[in-house]
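Residue strings, one per chain:
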Amino acid sequence: MAILKILEFPDPRLRTKARSVEKVDAALRQLIDDLFETMYAAPGIGLAATQVDIHQRLLVADVSADQTDPQVLINPQILAKDGTQVTEEGCLSVPGFYEEVERAEHIRVCFLDRDGVVVENEFSGLLAACVQHEIDHLDGRLFVDYLSEAKRQRIRKRLLKDRRLQAVV
Ligand code: ZN
């Protein structure tokens, strides 16, 4: 197992659209274990492969308080959405910032599990918000994209200043 390096906004690699996973094999399961280890160590409740610079459609999540509800979604596709909820979201790629984002309250998702079996499942509440947030990552989208341009620029400047980096985008 290994803790992977998490990319931070505004790193342009976070804008990459991930490709579908073609084979669920031992190497992919190793990556899944590493994603969980990285997410739990951070600590966070969700992590998409995009965030560790691996551009395959794969995400992990666990919104339980005691790390007892690990979820793996490979090639996730949202089939249906219902209701709305506003959640205060954070992101391991946007450290230190929390903002309200509106998303569907319930979603029905089709995906492959860690054995490569097709699963259809419904998620609600925090887990639904988390899965939508992580699927956004796979499409190169970040939660700051839902905020005003002014707010997003403030966050960007703060993070760049914190890292003493020059803007690249
Ligand atoms: Zn995130």
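Treat the numbers as computed from the prediction; the structure is a model and nothing was measured.

**Points about the sheet that holds strand β4 (residues 99-112)**
Logical step 1: On the basis of which strands lie adjacent, the open sheet formed by five strands has the order β1-β2-β3-β4-β5 and antiparallel pairing. The open sheet has two free edges, formed respectively by β1 (46-48) and β5 (118-124), since each of these has just one partner strand. Put simply, the sheet's adjacent strands are angled 30 degrees from each other on average, direction ignored.
Logical step 2: Pairing analysis gives 12 bridges linking strand β3 (residues 71-89) to β4, with the strands arranged antiparallel. Along β4, the bridge assignment pairs Lys81 with Ile107.

**Let's talk about the packing of aromatic side chains**
Logical step 1: All chains considered together, the criterion is met by two aromatic pairs.
Logical step 2: When the centroid spacing of 5.8 Å and the interplanar angle of 20 degrees are considered together, the rings of Phe36 and Tyr40 count as stacked. Separated by four residues within a single helix, Phe36 and Tyr40 lie in helix α1 (residues 26-41), roughly one turn from each other.
Logical step 3: Between Phe111 and Phe123 the ring centres are 6.3 Å apart and the planes differ by 25 degrees, which places this aromatic pair in the stacked class. Of this pair, Phe111 sits in strand β4 while Phe123 sits in strand β5, and the two are 12 residues apart along the sequence. This pair shows no difference in class: Phe111 is buried, exactly as Phe123 is.

**Topic: the environment of His133**
Logical step 1: Tracing the sequence through the fold places His133 in helix α2 (residues 125-138).
Logical step 2: Judged by its relative accessible area of 7%, His133 falls in the buried class.
Logical step 3: Along the backbone, His133 and Gly46 are 87 residues apart, and their C-alpha atoms lie at a distance of 8.4 Å.
Logical step 4: Setting aside residues no more than four positions away along its own chain, His133 makes contact with Glu89, Gly90, Cys91, Arg103 and Phe143.

Rules and cut-offs
Residues numbered from 1 in each chain as written. Predicted model: local features only at pLDDT ≥ 70, side-chain atom pairs only at ≥ 80, totals over all residues. Heavy atoms only, no water. Pairing = 2+ DSSP bridges. Helix = DSSP H or I, 4+ residues; strand = E, 2+ residues; numbered from the N terminus. Axes fitted to C-alpha atoms, helices over the stretch in contact; angles between N-to-C directions. Phe/Tyr/Trp six-rings, centres within 6.5 Å; stacked < 30°, edge-to-face > 60°. Buried < 20%, exposed > 50% of the residue type's maximum accessible area, 1.4 Å probe, protein only. Contact = heavy atoms within 4.5 Å.

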